[in-house]
Amino acid sequence: MLFNSVSFLIFFPLVTFLYFALPHRARAYLLIAASCVFYCAFIPAYLLIILAVIVIDYAAGRLIEALPRWKKPLLIASLCANIGLLAWFKYFNFALSTLWSVWFAVAGPPPFASHLDIILPIGLSFHTFQSMAYTLEVYWGRQKAERNFVIYALYVLFYPQLVAGPIERPQNLLHQFREQHPFSYDRVTSGLKLMLWGFFKKVAVADRLAVVVNQVYGAPHAFHGLAFSMATVFFAFQIYCDFSGYSDIALGAAQVMGIKLMQNFNRPYSARSIAEFWKRWHISLSTWFRDYLYIPLGGNRVPRPRWYFNLFVTFLISGLWHGANWTYVVWGALNGVYLIVEIATARWRVHMGRALGLDQRETLCGVLQVLTTFSLTCVAWVFFRAQSLGDATFILRHFGDGWVDLFWGHWGLLGLDQIRYPLQEWCYCVAGIAIMEGIQGMQRIGSMRRWVASQPVAVRWTLYYAAVMSIVLSGTATPQQFIYFQF
């Protein structure tokens with residue numbers, strides 16, 4: 001079930017009403033049933049896969065705690081089961097097609113098919129990672145094994161963050177399902193405002209930007225020049241508004257019921273470095289890889305060459321987590337290289353800044369750092385969005401085509417006229433980005449939700465009406481799926 005669908009607009013109020021109408025002891029069962037219905041709206045049969053993950057890791061947690069001598073084999077068995085599911089549904093065809101291509105190049109047509117008809121269950125990467133976090137925390141003794149099967153199942157199945165996160169830790173979420181959450185007008189309205197903000201980012205901004213991005217990246221050889229730069233910048237904001245919009249809706253829906261999920265985004269495009277960007281972007285996944293891969297590998301408590309290796313491997317696997325395609329692998333590797341170069345050149349950049357006098361011009365230095373970080377991120381996004389490595393390299397090679405002609409007034413050579421999009425839609429795209437960035441800039445001063453709540457009734461409802469109408473008028477006949485549903 002998509003958040004931006006009519007069915008969810010019926011589902012969410014009904015579940016929320018029943019949640020507060022039922023006694024506390026019945027709420028977990030309601031949320032389990034609602035989460036199953038929510039997921040079954042996609043492909044009902046794949047609910048069995050989630051249930052298998054739940055049963056395996058629930059049993060593993062109990063046994064790890066009860067049989068400490070066997071806890072390592074039990075942990076390995078649990079991890080193998082989760083990773084095995086991911087490998088089969090998400091990576092088997094990738095490995096098979098790669099083997100097919102190598103075989104074809106070396107020995108001619110292979111005696112096997114290049115792929116099988118395997119459909120990736122929606123959100124598999126998210127709920128398997130969340131389930132693995134639980135068994136790892138129990139293994140390390142940082143979390144008691146959950147004895148209530150319903151509570152544990154809800155930890156994995158909780159519908160607001162089931163499909164695309166945030167990827168929660170058991171310490172944050174499990175105890176909240178036991179706590180009583182009485183109805184609170186302030187909390188409910190605050191959660192609804194966050195959901196409204198998420199819908200605005202998804203429908204009014206991301207889905208409009210997608211029209212341009214899909215045209216250019218769907219047929220890159222038909223475009224050139226400024227069209228590539230524009231589409232790439234648009235994609236940077238599209239994926240941010242799409243994914244952070246989902247996270248806002250998830251956090252808001254959970255908050256309505258009194259459950260607090262972790263923050264997943266924190267104005268990532270205002271980051272002054274690649275390291276800071278990854279502290280602000282998809283925080284739940286970044287911290288997952290930090291806690292369960294990077295630190296166990298040794299983190300930065302090792303010689304510098306090994307430190308660089310740990311960083312690179314972490315980002316390489318992070319790229320592969322995002323999708324079974326070489327474009328994602330290169331995207332992850334490129335971000336790893338960015339971070340390694342940033343660390344290796346830290347002292348040199350400080351000296352250069354002093355030599356150029358930038359250390360005396362803090363504002364200018366900050367702007368240059370933000371623009372540099374955003375530009376590097378956009379280059380990496382090309383690989384993330386492109387359908388193949390060939391398309392990605394073609395786009396990067398032709399980024400600068402026609403820019404010189406701009407100074408001579410030859411606008412037609414920039415390639416924008418090839419994008420079939422009315423002028424008013426271009427204005428809506430730019431205005432949507434400007435509004436989103438403006439509001440996020442204001443949030444540096446204080447919470448926008450608290451500011452809205454402090455305004456007179458007429459002002460509040462004017463803002464609500466404007467947001468709702470922008471979402472309704474921007475919507476398409478068919479709801480657009482969230483980008484991260486494919487991961």
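Positions within a chain are numbered from 1, following the residues in the order the chain's sequence is written. Under the rules for a predicted model, residues below a pLDDT of 70 receive no local features and side-chain atom pairs below 80 are neither given nor counted, while totals for whole chains, interfaces and linings still include all residues. By convention in this description, side-chain values take in all heavy atoms of the structure and omit both hydrogens and water.

A. Fine view of the overall build of the protein. In terms of regular secondary structure, the protein is built from 20 helices and zero strands. Atoms counted for the radius of gyration: C-alpha only. Globule rule: 2.2 Å times the number of residues to the power 0.38. Relative to the globule expectation of 23 Å for 487 residues, the C-alpha radius of gyration of the protein, 24 Å, shows essentially globular dimensions. Taking the principal axes of its C-alpha atoms as reference, the protein extends roughly 75 × 70 × 55 Å. The burial tally for the protein puts 51% of its 487 residues in the buried class. Every residue pair with non-hydrogen atoms within 4.5 Å of one another is taken to be in contact. Counting contacts in the protein only where the partners sit at least 6 residues apart, residues at least 24 apart contribute 75% of the total. Shrake-Rupley sampling with a 1.4 Å probe provides the accessible areas, and residues are treated as covered by the protein chains on show and by no other component. Of the roughly 23,200 Å² of accessible surface on the protein, 68% is carried by carbon and sulfur atoms. Here the protein contributes 37 positively and 22 negatively charged side chains, and the mean placements of these two sets differ by 9 Å. Going along the chain from the N terminus, every DSSP run of H or I of four or more residues is numbered as a helix, and every run of E of two or more is numbered as a strand. Whether a residue is buried, partly exposed or exposed follows from its accessible area with a 1.4 Å probe, protein chains only, as a fraction of its type maximum: under 20%, in between, or over 50%, in that order. The charge count includes Lys and Arg as positive and Asp and Glu as negative, but it does not include His or the ends of the chains. Just so you know, the charge point we use is NZ for Lys, CZ for Arg, CG for Asp and CD for Glu.

B. View of the packing of helix 3 (residues 47-66) against helix 5 (residues 124-139). To get an axis, a line is fitted to the C-alpha atoms, and for a helix only the part in contact is used. The angle between two axes follows their N-to-C directions and goes from 0 to 180 degrees. It is the contact of helix 3 with helix 5, at a shortest axis distance of 9 Å, that shows an interaxial angle of 5°. As summarised for this structure, helix 3 and helix 5 are arranged roughly parallel, according to the angle between their axes. Contact residues: Ile49, Ile50, Val53, Asp57, Ala60, Gly61 and Ile64 in helix 3; Leu124, His127, Thr128, Ser131, Met132, Tyr134, Thr135, Val138 and Tyr139 in helix 5. Here the angle decides the label: under 35 degrees means roughly parallel, over 145 means roughly antiparallel, 65 to 115 means roughly perpendicular, and every other value means oblique.

C. Expanded view of the pattern of salt bridges. We define a salt bridge as a side-chain nitrogen of Lys or Arg found within 4 Å of a carboxyl oxygen belonging to Asp or Glu. Within this structure, the stated rule accounts for nine salt bridges. Lysine 201 serves as the salt-bridge partner of aspartate 248, at 2.7 Å between the closest nitrogen and oxygen. In this pair, aspartate 248 sits in helix 9 (residues 226-256) while lysine 201 sits in helix 8 (residues 185-218), placing the two residues 47 residues apart along the sequence. By the burial criterion, aspartate 248 is buried, and lysine 201 matches it. The closest approach of N and O atoms between glutamate 276 and arginine 280, which form a salt bridge, is 2.9 Å. Note that glutamate 276 and arginine 280 are positioned in helix 10 (residues 274-280) at a spacing of four residues, about one turn of the helix.

D. Layout of a nonpolar patch on the surface. The patches reported here contain residues having more than 30% relative accessible area and no salt bridge. Joining distances are 9 Å for like charges and 5 Å for nonpolar side chains (Val, Leu, Ile, Met, Phe, Trp, Tyr). Together, Leu14, Phe17, Leu18 and Leu22 make up an exposed nonpolar region whose accessible area comes to about 360 Å². Tracing the backbone shows phenylalanine 17 in helix 1 (residues 6-21).

E. Seen up close, the packing of aromatic side chains. Centres within 6.5 Å are what make two rings of Phe, Tyr or Trp a pair, Trp counting through its six-membered ring; a difference in plane orientation under 30 degrees is then read as stacked, over 60 as edge-to-face, and the rest as tilted. Under the counting rule described, the total for this entry stands at 56 aromatic pairs. Here phenylalanine 235 and tryptophan 381 contribute two aromatic rings whose centre-to-centre distance is 5.9 Å and whose plane-to-plane angle is 85°, an arrangement assigned as edge-to-face. With a gap of 146 residues between them, phenylalanine 235 in helix 9 and tryptophan 381 in helix 15 (residues 362-385) connect regions that are remote in the sequence. Like tryptophan 381, phenylalanine 235 is buried. Between phenylalanine 237 and tyrosine 269, the aromatic rings sit 5.5 Å apart at their centres with planes inclined by 70°, giving edge-to-face as the arrangement. Within this pair, whereas phenylalanine 237 is found in helix 9, its partner tyrosine 269 is found in the loop between helix 9 and helix 10, the two being separated by 32 residues in sequence. A residue is classified by how much of its surface remains accessible, and phenylalanine 237, at 11% relative accessible area, is buried. Against the face of tryptophan 321 rests lysine 90, its NZ or CZ located 5.2 Å from the ring centre. Positioned above the aromatic ring of phenylalanine 482 is the side chain of lysine 202, whose terminal nitrogen or guanidinium carbon lies 4.7 Å from the ring centre. Criterion for a charge above a ring: Lys NZ or Arg CZ within 6 Å of the ring centre, and within 35 degrees of the ring normal.

F. Highlighting the packing of helix 11 (residues 283-294) against helix 12 (residues 304-322). Their axes nearest at 11 Å, the elements helix 11 and helix 12 cross at an angle of 130°. One element, helix 11, and the other, helix 12, form an angle in the oblique class. Here helix 11 and helix 12 pass one another in a crossing that is right-handed. Residues Leu285, Phe289, Leu293 and Tyr294 of helix 11 lie in contact with helix 12, whose contacting residues are Trp307, Asn310, Leu311, Thr314, Ile317, Ser318, Trp321 and His322. Only Asp, Glu, Lys and Arg are considered charged in this grouping, and only Ala, Val, Leu, Ile, Met, Phe, Trp, Tyr, Cys and Pro are considered nonpolar; every other residue, Gly among them, is considered polar. In terms of residue class, the contact of helix 11 with helix 12 is built from eight nonpolar, four polar and no charged. Note on convention: near helix rotated counterclockwise from far helix by under a right angle means a left-handed crossing. Clockwise means right-handed.

G. Quick look at helix 5. Every helix has an expected span of 1.5 Å times one less than the residues it contains. The terminal C-alpha atoms of helix 5 lie 22 Å apart, and with 16 residues this matches the ideal 22 Å at 1.5 Å per residue to within 8%. Counted residue by residue, helix 5 has 16 buried out of 16 residues, so it is predominantly covered. The positive-phi residue at the C-terminal boundary of helix 5 is glycine 141, with phi of around 75°.

H. Summary view of the environment of lysine 279. Relative to the elements of secondary structure, lysine 279 occurs in helix 10. Taking the C-alpha atoms as reference, lysine 279 lies 8.2 Å from asparagine 266; in sequence the two are 13 residues apart.

I. Structural view of the nonpolar core. Within this scheme, the nonpolar core is defined by two criteria: the residues are buried Ala, Val, Leu, Ile, Met, Phe, Trp, Tyr or Cys, and they are joined through side-chain atoms within 4.5 Å. In this structure, Phe8, Tyr269, Trp281, Trp381 and Tyr484 are the most contacted members of the largest nonpolar core, which totals 140 residues. Considering every element that reaches this core, the biggest residue donor is helix 9, with 18 residues. Those residues in contact with phenylalanine 8, other than ones at most four positions away along the chain, are Met1, Leu2, Phe3, Pro13, Phe38, Tyr159, Met195 and Phe199.

J. View of the state of the cysteines. Note on terminology: pairs of cysteine sulfur atoms within 2.5 Å are recorded as disulfides. A complete count under the given rule lists zero disulfides for this structure. Counting only cysteine sulfurs, cysteine 40 is the nearest neighbor of cysteine 36, a cysteine outside any disulfide, at a range of 6.2 Å. Here cysteine 241 stays unpaired: no disulfide links it, and the sulfur of cysteine 429, its closest cysteine neighbor, is 11 Å away. Residue classification places cysteine 241 among the buried positions, given a relative accessible area of 0%.

K. Structural detail: helix 4 (residues 71-107). Taking 1.5 Å per residue as the helical rise, helix 4 with its 37 residues ought to reach 54 Å, whereas the 46 Å between its terminal C-alpha atoms falls clearly short. We define the bend at any residue as the angle between the axes fitted to the seven residues before and including it, ending there, and the seven starting there. Taking the largest bend as the criterion, helix 4 deviates by roughly 60°, centred on tyrosine 91. Along helix 4, the residues that are buried comprise Leu74, Leu75, Ser78, Leu79, Asn82, Leu86, Phe89, Lys90, Tyr91, Asn93, Phe94 and Leu96. If you follow the buried residues of helix 4, they end up packed against helix 3, helix 5, helix 12 and helix 13 (326-344). Following helix 4 by one or two positions, glycine 108 adopts a phi angle in the positive range, close to 90°.

L. Fine view of the environment of leucine 63. On the secondary structure map, leucine 63 appears in helix 3. Measuring from C-alpha to C-alpha, the distance between leucine 63 and leucine 74 comes to 7.4 Å, with eleven residues separating the pair along the chain.

M. The arrangement of the side chain of threonine 232 in detail. Structurally, threonine 232 is set in helix 9. Judged by relative accessible area, which is 1%, threonine 232 ranks as buried. Under this definition, polar contacts are N or O atom pairs within 3.5 Å; protein pairs additionally need one hydrogen-donor-capable and one acceptor-capable atom, and for neighbouring residues in sequence, both atoms have to be side-chain atoms. Of note is the side chain of threonine 232, whose polar atom sits 2.7 Å from the side chain of tyrosine 217. Residues in contact with threonine 232, not counting those within four places in the same chain, are Tyr217, Cys378, Val382 and Phe399.

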